Amino acid sequence: MSRHADLDRRTFLKRVGAAGAGAVIASRLPAPDPASAQDATVKPDPSARRGGTLRFGVHTAPAHFDVHQSGTVANIGAQSPMYDYLIRRDPRDGQTIIPDLAQRWEISPDGKKYTFHLRRGVKFHDGADFTAEDVKATYERIASPPKGVVIPRTPLFSAVTDIVALDPYRIEFRLKEARPRPFTLGAFASGWNIIVRKKTLEDNAGNLRQVMAYPGTGPFRHVSRKDKEVWIMERNPDYWNKGLPYVDRLEVYHMPPFSPELGSALLTGKLDYGRLLDPVSWRKAKETPGMTAAEFPQSVIQAVFINNKKAPLGDPRVRRAMHLALDRHALVDVVRDVAPMLVGGFVYPFHELSTPAAELVSKRLGYQKDTKAAVQEAKRLMAEAGHAGGIKNLTFLVRDAATFKLWSVAIQAMLKETLNIETNLRTVQISQWFEEAAAGNFDLGISAIVSTLMDPSDYFSAWYGKDGPQNYSNWTNPAFHDLASQIEREVDDGRRKTMVRQAEEILEKDPPLLPVSYEKIYDAWHNKVRGQNPSTFFGIYDVVRWDTVWVTS
């Protein structure tokens, strides 16, 4: 790329909102130690203050109420405080797996049986006793959903062949073959896998989309809900973990993510705690006396999907050329005042199995700040594929959100400038975007997709797997799919790491999508909120019960 063209790009990016420094790469998170904390669930803090109300602002209201079927924090952020899990992530670090409704667990030497010993005396909010039959009904629904029910976490339990209630307080999961223990325990500890009553599922034919307040066993119980405004809960006086929760009342306000409205409500004291803050409000909160701000990685990739069923996009040389044409540092800059992002590739850049972020940015084409070598290679690939003169009239499907609208204009300019690829932007609402993408009515399409775990064996199947639920590019690569299957079965960490790096190389050469960036979460709160520091969390789906948080006044 010429120096003149480089300056033109900078001028263009300033016009669409770019400013400030480049991407900040998140520090790598510690690996969870899944077994060390057995029988050591969260104990009440004797210094905690009891009583009061916690006002929490999070994502806009959910479209339905079935947490298992959902994939958005609109559900989990509002509903999770009413439910428990079999095992959970420790709210003190967001990583360590500790007991919850299961007091302890055992794994057979061959890794094919997981036996959970359940707590006695636990009650659902409607007074019913909790038993192994409720766990069995919950997980049979997750692992093998009834007709008409789609649960994004179903692939996590593909190895489960039988779920057996050995007695009212012991349940055994039998696997057809062993899986890596951190992967399997992480799947059980997912915040999405709330335990619900067997009778609730039976009464509603296995579908809870229209059931607003089905009973849970959690620290809070439903009081009232005002649609699109607030969900109010009260302390569960019969909670099994005596002494928790600390606050008497929880008010969850539905507010647009990354919005000035959410930021203003927090900064003016109408909220005690805000999640998914826009960068401007977050920086103000960080500078405000009496407030604290934290940032942490999110389990989301922002990406451009490429419809492999449409020529010439099925050619891996064309897709790699487009991959190399993106200036990712500039794209992160474009949205720096709208949403927090960081540069990454096809694997979470802060995961221990992936190429370290610093190495990715310093050594690999497509991620470096100096884009000249990447653009030169992109042009060579286009010529080799027979498209030296470019490609015209591609439909670019854009999800209607500020980040995607800004990015689509910038990406449109980058592709035109470097490869003479011309696109026509078509912006649609979020629900329509997913319908159009699933139907293949696009050439390029930009959106975000979520994973449950940081472990590649989760999203290698969901995002990149043949017929994967989020493989909107309709991408197939037999060598990758075979390797992903081996990674899913491999229990040796060293061999898994080697195979994941091999998978990365396949993805780089034959891109199923164009990774734009990885999302970060900006939280902030008034210092009267105590008992939670999310800086070591991964994502916003596993540690959202508020049972260990209190307010000082």
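Details of the structure are given in the entry above.
For clarity, every value in this text was computed on a predicted model and none was experimentally measured.

What counts, and where the lines are drawn
Residues numbered from 1 in each chain as written. Predicted model: local features only at pLDDT ≥ 70, side-chain atom pairs only at ≥ 80, totals over all residues. Heavy atoms only, no water. Pairing = 2+ DSSP bridges. Helix = DSSP H or I, 4+ residues; strand = E, 2+ residues; numbered from the N terminus. Axes fitted to C-alpha atoms, helices over the stretch in contact; angles between N-to-C directions. Contact = heavy atoms within 4.5 Å. Expected span 1.5 Å × (residues − 1). Buried < 20%, exposed > 50% of the residue type's maximum accessible area, 1.4 Å probe, protein only. Arc of directions from axis to C-beta. Core = buried A, V, L, I, M, F, W, Y, C linked by side-chain atoms within 4.5 Å. Salt bridge = Lys/Arg side-chain N within 4 Å of Asp/Glu carboxyl O. Polar contact = N/O pair within 3.5 Å; in protein donor to acceptor, adjacent residues only side chain to side chain. Phe/Tyr/Trp six-rings, centres within 6.5 Å; stacked < 30°, edge-to-face > 60°.

Engineer: Explanation requested: the sheet that holds strand S6 (residues 160–167) in the structure shown.
Structural biologist: Backbone-to-backbone hydrogen bonds pair the strands of a sheet. The strands run either parallel or antiparallel. Here 4 strands make up an open sheet; going across it, the order is S4-S5-S7-S6 and the pairing antiparallel. Looking at strand neighbours, the two that pair on one side only are strand S4 (102–107) and S6, the edges of this open sheet. Here the average twist between neighbouring strands, direction ignored, is 20 degrees. On top of the sheet, helix H3 (residues 132–143) reaches strand S5 (113–118), S6 and strand S7 (170–175); it is set at about 170 degrees to S6, its chief contact. Set on the sheet, helix H4 (residues 181–188) makes contact with S4, S5 and S7; between it and S5 the angle comes to about 40 degrees.

Engineer: Would you mind showing me how to read helix H11 (residues 372–384) here?
Structural biologist: The α-helix advances 3.6 residues per turn, and as a result positions three or four apart in sequence lie on the same side. Here H11 is 13 residues long and its end C-alpha atoms lie 19 Å apart, about the 18 Å a rise of 1.5 Å per residue gives. Every buried residue belonging to H11 is among Ala 374, Val 375, Ala 378, Leu 381 and Met 382, and all of these are buried. For H11, the angular spread of the buried residues around the axis is 120 degrees, confining them to a single face. The elements touched by buried residues of H11 are helix H8 (316–325), strand S14 (391–399), helix H12 (402–419) and strand S15 (421–428). Positive phi appears at Gly 386, one or two residues downstream of H11, with a value of about 90 degrees.

Engineer: Sorry if this is basic, but what is going on with the environment of Leu 513 here?
Structural biologist: Within the secondary structure, Leu 513 sits in strand S17 (residues 513–526). Judged by relative accessible area, Leu 513 falls into the buried class, the value being 1%. Distance from Leu 513 to His 323, taken between C-alpha atoms, is 8.1 Å for residues 190 residues apart in sequence. Ignoring any residue separated from it by four or fewer positions in sequence, one finds Leu 513 in contact with Ile 301, Ala 303, Val 304, Phe 305, Phe 346, Tyr 464 and Ser 473.

Engineer: Please clarify how the pairing of S4 should be interpreted in this entry.
Structural biologist: Each regular strand carries side chains that alternate between the two faces of the sheet. Relative to S5, S4 runs antiparallel, the two being bridged by 5 bridges. For Trp 105, the partnering residue across the bridge sits in S5 and is Phe 116. Between S4 and S5, which follow one another and run antiparallel, lie 5 residues, and Gly 111 among them has a positive phi close to 75 degrees.

Engineer: Could you clarify how one ought to interpret the nonpolar core in this entry?
Structural biologist: One broad rule of soluble globular proteins: the nonpolar side chains tend to lie buried together. Of all hydrophobic cores here, the largest spans 118 residues; its most connected members are Met 322, Trp 407, Ile 411, Ile 446, Phe 460, Trp 463 and Tyr 464. Those residues in contact with Ile 411 that lie beyond four places of it in its chain are Val 304, Leu 326, Leu 331, Phe 396, Ile 446 and Val 516. Listed in part, the 44 residues of the second largest apolar core include Phe 116, Phe 130, Ala 189 and Trp 550.

Engineer: Help me understand the pattern of salt bridges, please; the structure alone is not making it clear to me.
Structural biologist: Should their charged atoms come close, side chains of opposite charge can pair. Tallied over the entire structure, the rule returns 49 salt bridges. With its nearest N and O atoms 2.8 Å apart, the salt bridge here joins Arg 496 to Asp 455. Taken together, the residues span a long stretch of sequence, with Arg 496 in helix H16 (residues 493–509) and Asp 455 in the loop between strand S16 (444–450) and helix H14 (456–462) at a distance of 41 residues. Summarising the burial analysis for this pair, Arg 496 and Asp 455 share the class buried. One network of salt bridges, with partners in common, ties together Arg 320, Arg 364, Arg 501, Glu 504, Glu 505 and Glu 508.

Engineer: I tried to follow unusual backbone geometry on my own but got confused; where do I start?
Structural biologist: For residues besides glycine, phi is generally negative; the peptide bonds are generally trans as well. Residue Leu 244 is joined to Pro 245 through a cis peptide bond whose omega torsion reads -5 degrees. Tracing the backbone shows Pro 245 in the loop between strand S9 (230–235) and strand S10 (249–254). The amide bond that connects Ala 311 to the next residue, Pro 312, takes the cis arrangement and shows omega of 0 degrees. Of note, the phi angle at Lys 228 is positive, near 65 degrees, even though the residue is not glycine. Locating Lys 228 in the fold gives a position in the loop between strand S8 (220–226) and S9. The exposure class assigned to Lys 228 is exposed, which follows from its relative accessible area of 60%. The backbone of Trp 546 shows a phi angle near 65 degrees, a positive value even though the residue is not glycine. Topologically, Trp 546 is positioned in the loop between strand S18 (529–530) and strand S19 (550–551). Exposure remark for Trp 546: the relative accessible area of 2% places this residue in the buried category.

Engineer: Looking at this structure, how should I read the side chain of Asp 327?
Structural biologist: Examined against the element boundaries, Asp 327 turns out to sit in the loop between H8 and helix H9 (328–334). Given the relative accessible area of 9%, Asp 327 is considered buried. A distance of 3.1 Å separates a polar side-chain atom of Asp 327 from the backbone nitrogen of Ala 330.

Engineer: Mind showing me how you'd approach the packing of aromatic side chains here?
Structural biologist: For any pair of aromatic rings, geometry is given as the distance between the ring centres together with the angle between the planes. Applying the stated criterion across every chain, the model contains 41 aromatic pairs. Between Trp 463 and Tyr 464 the ring centres are 6.0 Å apart and the planes differ by 85 degrees, which places this aromatic pair in the edge-to-face class. Each member of the pair, Trp 463 as well as Tyr 464, carries the same accessibility label: buried. Centre to centre, the rings of Trp 475 and Phe 480 are 5.4 Å apart; their planes meet at 65 degrees, and the pair counts as edge-to-face.

Scope: geometric values only; no functional claims are made or implied.
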